[in-house]
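# Close look at the chain arrangement
Each chain, letter by letter, is given below.
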Amino acid sequence: MHVNAESRAPDTLSGYTSAVSSNRGICRQDRTFCHDIARLAVHCLYTELALYPKPGLVSLIDNGSHEDMSASTFLRSLFALRHYFVRITLAGISGASFETLKQLGIDAERRMLAATAGVNTHRGAIFCLGMLCAAAGHCKAEGNDLSAADIRQTLLSQWGSALAAHTHCTAPTSHGQRMSAVHTVGGAREEMAQGLPSLFDVALPALRRTLADGRSPHAARIDALFSLMAHMSDTNVYHRGGLTGAELVRSHARAFLKQGGTAHPEWRSTAVALHELFSQKKLSPGGAADLLAATCFVHHLYQDFI
Ligand SMILES: CC(C)(COP(=O)(O)OP(=O)(O)OC[C@H]1O[C@@H](n2cnc3c(N)ncnc32)[C@H](O[C@H]2O[C@H](COP(=O)(O)OP(=O)(O)OP(=O)(O)O)[C@@H](O)[C@H]2O)[C@@H]1O)[C@@H](O)C(=O)NCCC(=O)NCCS
Ligand SMILES: Nc1ncnc2[nH]cnc12
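- By the naming in an unreviewed UniProt entry, the protein is Probable 2-(5''-triphosphoribosyl)-3'-dephosphocoenzyme-A synthase, taken from Noviherbaspirillum saxi.
- Under the UniProt heading Catalytic activity (unreviewed entry), the entry covering the protein gives this text: "3'-dephospho-CoA + ATP = 2'-(5''-triphospho-alpha-D-ribosyl)-3'-dephospho-CoA + adenine".
- Checking UniProt for the protein, the heading Function (unreviewed entry) contains the comment "Involved in the formation of 2-(5''-phosphoribosyl)-3'-dephosphocoenzyme-A, the prosthetic group of the acyl-carrier protein of the malonate decarboxylase."

Shown next as structure tokens:
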């Protein structure tokens, strides 16, 4: 989607972040932590982009269902977001309100649009990965683990009521809000307000099951992506394919999982055939792609930061 981008995105929160770091005793160790978390977030976005085959989605191989974005659009976008993930982790460490996090998100959206000449590559990721970075920062400040359970609990206890309020909208303006209203489905706001159930209850267990079965991280990401496509209400799919498109995505993803996912010897040719089908129908499970990156982030937080 093309959005009216500002040619130069103002750094509206640099004053806030420098005040936080100078006045509230942000130490070198916290700064290093914020940079490590931001690097992990960008790495997970890259891993999602590089994954292939992903039905209808952009990868390093092709542009799937998309005419206005390619891998290089995504690379520009994720490069532009690297400072955002540092800032929002820092904001989480200092116990920032949702209003502050939202301002950081709005600023990051501007940077993304400036970097992509107005193409919405990562709006969903800015929202969900950003909130997860903030939760990681807050867990660190409280001396808690960075386990999936702690991260989820922090999201809900720190920002749960504000996230619930963020689902209420009087005049829908975005594709997501319009699709939520027309099809009475959740979308990104609802998913976040409920503490990301598609990530924590569906995709993360799928990813870990495949790894525990001895298959590769690549296979685990494919199984996690298909479990998201089978389960969630992706407003990007509704926007492009309506109810029929959403049912088609869900039923093909369920069939893929029913035949064993990546445990099936022919899984790759099935996934490539679905990529061709979705691309031909211009269906794009972009919300599932965002949640896949977020799932990998939560998985690595636990693996790499304990
Ligand atoms: C809360 C925000 C995320 C805004 O959400 P909103 O509900 O208003 O909807 P969207 O602007 O449509 O963005 C939501 C994006 O989230 C992804 N997503 C979809 N479903 C889910 C889900 N169930 N769970 C989690 N995430 C989901 C999805 O992102 C992907 O789609 C992008 C492409 O989308 P779009 O441009 O609409 O579609 P195209 O096909 O490209 O369009 P055309 O070419 O046809 O024109 C793709 O890149 C992925 O990222 C949704 O897009 C958040 O923006 C927010 O809170 N921001 C802070 C600022 C703010 O609060 N603003 C609102 C104040 S009321
Ligand atoms: N790889 C991808 N292709 C299309 N839309 C996306 N949104 C997030 N990742 C995406």
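## What to know about the site of ligand 2
- Looking at ligand 2, the residues that line it are Glu48, Lys54, Leu57, Val58, His66, Phe74, Thr121, Ser284, Gly286, Ala289 and Asp290.
- Interatomic distance of 2.9 Å between a side-chain N/O atom of Glu48 and a nitrogen atom of ligand 2.
- Val58 is positioned with one of its backbone polar atoms (N or O) 2.9 Å from a nitrogen atom of ligand 2.
- Across the complex, the protein chains shield 97% of the 260 Å² of accessible surface that ligand 2 would expose by itself.
- At three residues, the largest contribution of residues to the shell around ligand 2 is made by helix H14 (residues 286-304).

## Thoughts on H14
- The terminal C-alpha atoms of H14 lie 27 Å apart, and with 19 residues this matches the ideal 27 Å at 1.5 Å per residue to within 8%.
- For H14, the buried fraction is high: 15 of the 19 residues fall into the buried class.

## Brief notes about the nonpolar core
- Judged by nonpolar contacts, the single largest core of 86 residues is most densely connected at Phe85, Leu132, Phe200 and Phe297.
- The element contributing the most residues to this core is helix H6 (residues 123-142), with 12 residues.
- Beyond its immediate stretch of four places on either side in the chain, Leu132 contacts Ile151, Leu155, Leu196, Leu199, Phe200, Ala294, Phe297 and Val298.
- Of all hydrophobic cores here, the second largest spans six residues; its members include Leu49, Val58, Ala71 and Phe74.

Criteria and thresholds
Residues numbered from 1 in each chain as written. Chains lettered and ligands numbered in written order. Predicted model: local features only at pLDDT ≥ 70, side-chain atom pairs only at ≥ 80, totals over all residues. Heavy atoms only, no water. UniProt positions renumbered as here; feature names shortened; annotations may be inferred. Near = heavy atom within 4 Å. Polar contact = N/O pair within 3.5 Å; in protein donor to acceptor, adjacent residues only side chain to side chain. Areas by Shrake-Rupley, 256 points an atom, 1.4 Å probe, with all protein chains shown as cover. Helix = DSSP H or I, 4+ residues; strand = E, 2+ residues; numbered from the N terminus. Expected span 1.5 Å × (residues − 1). Buried < 20%, exposed > 50% of the residue type's maximum accessible area, 1.4 Å probe, protein only. Core = buried A, V, L, I, M, F, W, Y, C linked by side-chain atoms within 4.5 Å. Contact = heavy atoms within 4.5 Å.

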